[in-house]
Amino acid sequence: KANRMFKPESTVVEVNGRKIGEGYFCVITGPCSVESEEQILTIAEEVKKNGATFLRGGAYKPRTSPYSFQGLGLEGLEYLKHAREKTGLPIVSEIMSPDMVEKFVEDVDIIQVGARNMQNFVLLKELGKTRKPILLKRGLAATIEEWLMSAEYILNEGNPNVILCERGIRTFETYTRNTLDLSAVVAVKKLSHLPVIVDPSHGTGKAWMVEAMSKAAAVAGADGLIIEVHNNPKKALCDGQQSITPNEFSRLMEKLRKLLEIE
Ligand code: PEP
Ligand code: MN
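Predicted model, so just to flag it, every value in this text is computed and none were measured. Sequence positions are assigned chain by chain, starting from 1 and proceeding in written order. The naming scheme follows written order: chains are lettered A onward, ligands numbered 1 onward. Per-residue local features are limited, in this predicted model, to residues with pLDDT of at least 70; the limit for side-chain atom pairs, both in listing and counting, is 80 or more; totals at the level of whole chains, interfaces and linings are taken over all residues.

Chemist: Would you explain the overall build of the protein in this entry?
Modeler: For the protein, the helix and strand inventory stands at 9 helices and 10 strands. Dimensions of the protein along its principal axes, counting C-alpha atoms only, are 45 × 40 × 40 Å. The 263 residues of the protein split such that 50% are buried. Considering only contacts within the protein whose residues lie at least 6 apart along the sequence, 67% involve residues at least 24 apart. Helix and strand assignments come from DSSP, with helices taken as H or I runs of at least 4 residues and strands as E runs of at least 2, each series counted from the N terminus. Exposure classification rests on a simple neighbour count of other C-beta atoms within 10 Å of a residue's own: a residue reaching 20 or more is buried, one at 12 or fewer is exposed, and one in between is partly exposed. C-beta atoms are placed from the backbone. Any pair of residues counts as being in contact when their C-beta atoms, constructed from backbone geometry, are within 7 Å of one another.

Spelled out as structure tokens, the structure:
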């Protein structure tokens, strides 16, 4: 069902009038995790001013260590909703388990499935029973085919609204956090009709590399970006080293506008 051979026309996922998938470049930005109401409101207003089209923020965080900050949970979702009310930006947040599906369907505009849950098939099937737009990240070490098969789990249950996200894969290279596989964007656009966006933040793990890889992703044909922006990256509770500041985001957007000839 994800295969372009059987559905030649590109899938367009519509979220609050924003048509992701054809001719529209979506820019999803915000902090890795929602840290406080003030933090998410400040960032939301800054990124909105600079052309972000969606606000992202993790309420539940899949951390490698159980001793790292795990997210604010339900409280985080409430703060995100306030930020949506204030700015009008639709919100994106990561789901962790099937028992959260109902809550996320109600609260957020796009449900993110993180790399670590790409093969949580029980979760994928539950999400497939809804009509909610799903942002499906590529697994840490997933092949393109495995990634598309995970999309298939959602589509097969009846939900056509899947957006794929290349976020880097694990290779022998350790200089970058992951190896951002932009060739996967080109491959997936040919193999599948689903929209594909790129995450240069997790893809590199380095804030200073985000601009170059964002431009490269846009030129490679991605339908959008998901970028971590934090008002004080040094103090961020999660992924500070790869987060850019609102000022850096503003400069990046200026360059992207020129590159893509968008507003
Ligand atoms: C995130 O978006 O903050 C995240 C945890 O990403 P990934 O699932 O790609 O590691
Ligand atoms: Mn993160």
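Here the narrative resumes, following the displayed structure.
Chemist: How do you make sense of the site of ligand 1 when you look at a structure like this?
Modeler: Nearness rests on one distance test: the residue's C-beta atom, set from the backbone, must lie within 6 Å of the molecule or strand. All residues adjacent to ligand 1 are C32, G58, P62, G114, A115, R116, K137, R167 and H202. For this scheme, ten residues count as nonpolar: Ala, Val, Leu, Ile, Met, Phe, Trp, Tyr, Cys and Pro. Four count as charged, namely Asp, Glu, Lys and Arg, and the remainder, Gly too, count as polar. Partitioned by chemical class, the residues of the shell around ligand 1 number 3 nonpolar, 3 polar and 3 charged.

Chemist: Can you help me understand the pairing of strand 7 (residues 134-137) in this one?
Modeler: Along any regular strand, the residues point their side chains to alternate faces of the sheet. Here strand 7 shows a buried face lined by I134 and L136 and a second buried face lined by L135 and K137. When DSSP locates at least two bridges between a pair of strands, those strands are taken to pair. In this sheet, strand 7 lies alongside strand 6 (residues 110-113) in parallel orientation, the contact comprising 3 bridges. Across the sheet, the residue bridging to Q112 is L135, located in strand 7. Handedness of a crossover is defined as follows: orient the strands so they point away from the viewer, and if the path from the first strand over the helix to the second runs clockwise, the crossover is right-handed. Once the chain exits strand 6 it traverses helix 4 (residues 121-128) before rejoining the sheet at strand 7, and the crossover so formed is right-handed.

Chemist: Would you mind going over helix 2 (residues 74-87) with me for this structure?
Modeler: Three or four residues apart is the spacing at which side chains of an α-helix point the same way, because the helix has 3.6 residues per turn. Expected span of a helix: the number of residues minus one, times 1.5 Å. In this model helix 2 runs 20 Å from its N-terminal to its C-terminal C-alpha over 14 residues, within 8% of the 20 Å that 1.5 Å per residue would give. Taken as a whole, helix 2 has its buried residues at G76, L77, Y79, L80, A83 and R84. Along the axis of helix 2, the buried residues cluster in a sector spanning 160°; they form a single face. Residues of helix 2 that are exposed and point more than 90 degrees away from the buried face comprise L74 and E85. For helix 2, the secondary structure elements touched by its buried residues are helix 1 (37-49), strand 4 (54-56), strand 5 (91-95) and helix 3 (101-107). The arc in question is formed by the directions pointing from the helix axis toward the C-beta atoms.

Chemist: Which parts of the structure should I look at to understand the nonpolar core?
Modeler: Nonpolar side chains in soluble globular proteins tend to end up buried together. Buried Ala, Val, Leu, Ile, Met, Phe, Trp, Tyr and Cys residues whose C-beta atoms connect them within 7 Å together make up a nonpolar core. If you look at the biggest cluster of nonpolar residues, it comprises 73 residues, and the most contacted ones within it are L136, A151, I163 and L164. If one sorts the elements of this core by residue count, helix 5 (residues 144-156) sits on top with 6 residues. Each residue touching L164, except ones within four places of it in the same chain, is listed here: L136, W147, A151, V188, L194, P195 and V196.

Chemist: Please clarify how unusual backbone geometry should be interpreted in this entry.
Modeler: Trans peptide bonds make up most of the peptide bonds, and negative phi angles are found at most residues other than glycine. The phi angle at N16 is positive, at roughly 45°, despite the residue not being glycine. You can see N16 is positioned in the loop between strand 1 (13-15) and strand 2 (18-20).

Chemist: Where do I start with the pairing of strand 6 in this structure?
Modeler: Burial of strand 6 is two-sided: the residues I110 and Q112 facing one way and the residues I111 and V113 facing the other way are all buried. Relative to strand 6, strand 5 is paired through 4 bridges, and the arrangement is parallel. Note that in strand 6 the partner of S93 across the bridge is I111. Since strand 5 and strand 6 lie parallel, the crossover through helix 3 that links them has a hand, and here it is right-handed.

Chemist: When you look at helix 1 in this model, what are you seeing that I'm missing?
Modeler: With 13 residues, helix 1 should cover 18 Å at 1.5 Å per step; its first-to-last C-alpha distance of 18 Å lies within 8% of that length. All of the buried residues along helix 1 are Q39, I40, I43, A44, E46 and V47. Among the structural elements, strand 3 (26-30), strand 4, helix 2 and helix 9 (246-260) are those in contact with the buried residues of helix 1. G51 occupies a position one or two residues after helix 1 and carries a positive phi of about 100°.

Chemist: Help me understand the environment of T174, please; the structure alone is not making it clear to me.
Modeler: Turning to its location among the elements, T174 is positioned in the loop between strand 8 (162-166) and helix 6 (182-191). Residue T174 is classed as exposed on the basis of its C-beta count, with 8 C-beta atoms lying within 10 Å. Placed 37 residues apart in sequence, T174 and E211 show a C-alpha to C-alpha distance of 20 Å.

Chemist: Got a minute to help me understand the packing of helix 8 (residues 210-220) against helix 9 in this structure?
Modeler: The axes of two packed helices give the description: the angle between them and the distance between them. For helices, the fitted line uses only the C-alpha atoms of the stretch in contact; every axis is such a line through C-alpha atoms, and the angle between N-to-C directions lies from 0 to 180 degrees. Here helix 8 crosses helix 9 at 25°, and the two axes come no closer than 10 Å. When the interaxial angle is binned, helix 8 and helix 9 end up roughly parallel. When you trace helix 8 past helix 9, the crossing you get is right-handed. Contact residues: E211, S214, K215 and A218 in helix 8; L252, K255, L256, L259 and L260 in helix 9. Residue classes in the contact of helix 8 with helix 9 are distributed as 5 nonpolar, 1 polar and 3 charged. Working rule for angles: under 35 degrees goes down as roughly parallel, over 145 as roughly antiparallel, 65 to 115 as roughly perpendicular, anything else as oblique. For any helix crossing, the convention is left-handed if the near helix is rotated counterclockwise from the far helix by under a right angle, and right-handed if that rotation is clockwise.

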